[in-house]
Amino acid sequence: MSETPFVITIDTEGDNLWARPREITTRNAAYLPRFQSLCERFGFKPVYLTNYEMAMSDVFVEFARDVLARGACEIGMHLHAWNSPPLVPLTNDDFQYQPYLIEYSDSVMKEKIRIVTRLLEERFDQAMISHRAGRLGFDGLYAAMLLEEGYRVDSSVSPGLDWSETPGDPNGNGGTDYTQFPGHPYFFSPSDISMPTNGGMLEVPMTINSSGLYRRAPWVYRIPLLRQTANRLVSPALNHLCPAESNLRGMLRAARTARREAAAHLDFSLHSSELMPGGSPTFRSASHIERLYEHLEILFEELSTWCRGMTLKEFHAWFGSSVDQAATSGLGDSFEMVRA
């Protein structure tokens, strides 16, 4: 039986950034070994998409360098513009508004990407090729700058979600609208990050599946009473492979839908701070964390029967090879989604 690639992407960042702290702590680094042990027990390899403050955390760096030496994880880049050097104010309170990187000037964007990339390379003694945008704000210019720095894989696309109503700079246009983006992996060029092309950067979207009812009658979920009924009796409109967004039933539904539809991959996403009590609004206490691990055990146990753990770097190599083989063998129809 073929094994579906399973990628675990962890936005590795400071503690409870939803509270918009002015002094960012990184205590959650001490809670990562438990999660890493769980992943290794099932043969999975997390990708720690690491931002500035975590790259500056000696606790996290010591942990990650050990796991890297065992080939049991990958380090990629995650960039929060408001606290990554150079600190060039965009609003009258960047720590409150948390602007998207794509809202800064081109020169500031480029310098922030360069500095954080070099920091990660120095701290972990390896080139960075994988990335996820802070607050998922991504566009073609951002992609072009990443390619110049040697990045080859992005995982910023959250298919079906529109972040344009989620503000950064109060005078800006909000985040990126992903409602029309593919949910499958695809190569793209900076000229259109939603359009599959032959080569360029590889996009590995988060796994977010829409319910059958939502696909047939999306209007049902726009009416509060009908939405509540549909959520209770059928399914939420979107099921995320993410414990902060979906409960265990929703995550299993997302995974099983992906399996039934022969998805090219699964991407499980989480924030590092969500593994620490009080590190997020969702998992506020030790009991919440214990329940989270109970759910992860069940989810990972099921996925281990039909999935193969991969890092983003490994998936890039595997997927690119699969596309090339399909093209040369005349089986390109199965991969036409990634070839324009």
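In case you missed it, the structure is sitting above this.
How each quantity is defined
Residues numbered from 1 in each chain as written. Predicted model: local features only at pLDDT ≥ 70, side-chain atom pairs only at ≥ 80, totals over all residues. Heavy atoms only, no water. Core = buried A, V, L, I, M, F, W, Y, C linked by side-chain atoms within 4.5 Å. Buried < 20%, exposed > 50% of the residue type's maximum accessible area, 1.4 Å probe, protein only. Phe/Tyr/Trp six-rings, centres within 6.5 Å; stacked < 30°, edge-to-face > 60°. Helix = DSSP H or I, 4+ residues; strand = E, 2+ residues; numbered from the N terminus. Expected span 1.5 Å × (residues − 1). Contact = heavy atoms within 4.5 Å. Polar contact = N/O pair within 3.5 Å; in protein donor to acceptor, adjacent residues only side chain to side chain. Pairing = 2+ DSSP bridges. Axes fitted to C-alpha atoms, helices over the stretch in contact; angles between N-to-C directions. Nonpolar A, V, L, I, M, F, W, Y, C, P; charged D, E, K, R; others polar. Parallel < 35°, antiparallel > 145°, perpendicular 65-115°, else oblique. Left-handed = near helix turned anticlockwise from the far one by under 90°.

**Looking at the nonpolar core**
If you look at the biggest cluster of nonpolar residues, it comprises 77 residues, and the most contacted ones within it are F6, F35, F60, F138, F268 and F300. Grouped together as the second largest cluster of nonpolar side chains are 13 residues, I129, F187, V204 and F319 included.

**Describing the packing of aromatic side chains**
Aromatic ring pairs are defined here through the distance separating the ring centres and the angle between the ring planes. Here the structure, examined in full by the defined rule, presents 19 aromatic pairs. A centroid spacing of 6.1 Å and a plane angle of 55 degrees characterise the contact between Y186 and F188, whose relative ring orientation is tilted. As far as the burial class goes, Y186 and F188 line up, both buried. Connected via pairs of aromatic rings, a cluster forms that spans F6, F35, F42, F44, F268 and F300.

**Focus: helix α9 (residues 248-260)**
Helical geometry: 3.6 residues make up each α-helical turn, so side chains three or four residues apart lie on a common side. Look at α9: 18 Å from first C-alpha to last across 13 residues, which is about the 18 Å you get at 1.5 Å a residue. Every buried residue of α9 is accounted for by L248, G250, M251, L252, A254, A255, T257 and A258. Packing partners of the buried residues in α9 comprise β8 (208-210), β9 (238-240), β10 (266-271) and α10 (286-303). Measuring from the backbone nitrogen of R249 back to the side-chain oxygen at the start of α9 gives 3.2 Å, which picks out N247 as the cap. Immediately downstream of α9, the backbone of A262 shows phi near 55 degrees, a positive value.

**Some remarks on the pairing of strand β3 (residues 74-79)**
In terms of residue burial, β3 counts as a mostly covered element, since six of its six residues are buried. With burial as the criterion, each face of β3 is covered, one bearing E74, G76 and H78 and the other bearing I75, M77 and L79. Examined bridge by bridge, β3 and strand β4 (residues 130-133) share three bridges and lie parallel to one another. Among the inter-strand pairings, L79 is bridged to a residue of β4, identified as A133.

**Overview of the packing of helix α3 (residues 58-69) against helix α5 (residues 106-124)**
How two helices pack is summed up by the angle between their axes together with the distance between the axes. The N-to-C vectors of α3 and α5 enclose an angle of 60 degrees; their axes lie 10 Å apart at closest approach. Taken together, the residues of α5 that come into contact with α3 (itself represented by D58, F60, V61, A64, R65 and L68) are E122, R123 and F124. Among the residues forming the contact of α3 with α5, the class breakdown is five nonpolar, no polar and four charged.

**Some points on the packing of helix α1 (residues 32-41) against α10**
Their axes nearest at 11 Å, the elements α1 and α10 cross at an angle of 15 degrees. Relative to α10, the element α1 is oriented roughly parallel. For the pair α1 and α10, the sense of crossing is right-handed. Packed against α1, whose contacting residues are R34, F35, L38, C39 and R41, the element α10 presents I289, E290, Y293, L296, E297 and F300 at the interface. Counted by class, the contact of α1 with α10 contains seven nonpolar, no polar and four charged residues.

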